[in-house]
Each structure stands twice: as C-alpha cells, then as structure tokens.
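Secondary and tertiary structure notes
Chain by chain, the residues run as shown.
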Amino acid sequence: MNDTFAIKMGERGRVVVPAAVRERAGFTEGVTLMLLETPDGVVLMTREQLLARVRRDFGGLNLVDDLLAERRLAAAAEDADMAAVP
C-alpha cells in the first residue's frame, strides 16, 4: 500500500511513524531501522528489508568474476608493457 502521511519533525530530530505504517512495515519496538539516503529522498527500513533490497538490486551480478576479469586484463597489459621494454 502506498499511503501518504504528513508527519512533523519533533524535538532532537524525532519523528513518529504512524501505527498503520509500523504494522505493515514490521517496525516493532526495539527493532534497528536503517535510513537510506537516495537521490529521490529518504527510505526507512529494517535491516532485513535493506538486505532484501540489496540482494534484489544486485541479484544476478557476479562481482567477483567481474573483478577477476578486470584484474586479468590489467595484468596482461602490464605484461605487454614489460615485454616491450628492452
């Protein structure tokens, strides 16, 4: 559900998340929340929700293989430069 709520910043930067939002988002007392600053604004989520978002955003990427391939190309270029030196 995408509702819009008007809330005000309180003393010492505190905000109150409406009960309906807390319930739907799984925000319970004592849970650690992550505040993600994006170009479009601020996102508030639990650690588990952030982890799921990262997995979704980077799913299917193989960053280790990409890094290894990049390093192999750089090493080959260095080897070629060294072979050209008399």
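Our structure is the block above this text.
Position numbers for residues start from 1 in each chain and track the written sequence from start to end. Two thresholds apply to this predicted model, a pLDDT of at least 70 for residue-level local features and 80 or more for giving and counting side-chain atom pairs, whereas whole-chain, interface and lining totals are computed over all residues. Calculated side-chain values reflect all of the structure's heavy atoms, with hydrogen atoms and water omitted.

1. With respect to the pattern of salt bridges
Any carboxyl oxygen of Asp or Glu that lies within 4 Å of a side-chain nitrogen of Lys or Arg is treated as forming a salt bridge with it. Per the stated rule, a full pass over the model turns up two salt bridges. One salt bridge in this structure joins Arg24 and Asp3, with 3.4 Å as the shortest N-O distance. Separated by 21 residues along the polypeptide, Arg24 in helix α1 (residues 19–25) and Asp3 in the segment before α1 bring together distant segments of the chain. A relative accessible area of 44% places Arg24 in the partly exposed class. For helices the rule is a DSSP run of H or I covering at least 4 residues; for strands it is a run of E covering at least 2, with both sets numbered from the N terminus onward. Relative accessible area decides the class of each residue, using a 1.4 Å probe on protein chains only: under 20% of the type maximum gives buried, over 50% gives exposed, and in between gives partly exposed.

2. Quick word on unusual backbone geometry
At Arg12, a position not held by glycine, the phi torsion is positive, near 60 degrees. Locating Arg12 in the fold gives a position in the segment before α1. Using a relative accessible area of 72% as the deciding quantity, one classes Arg12 as exposed.

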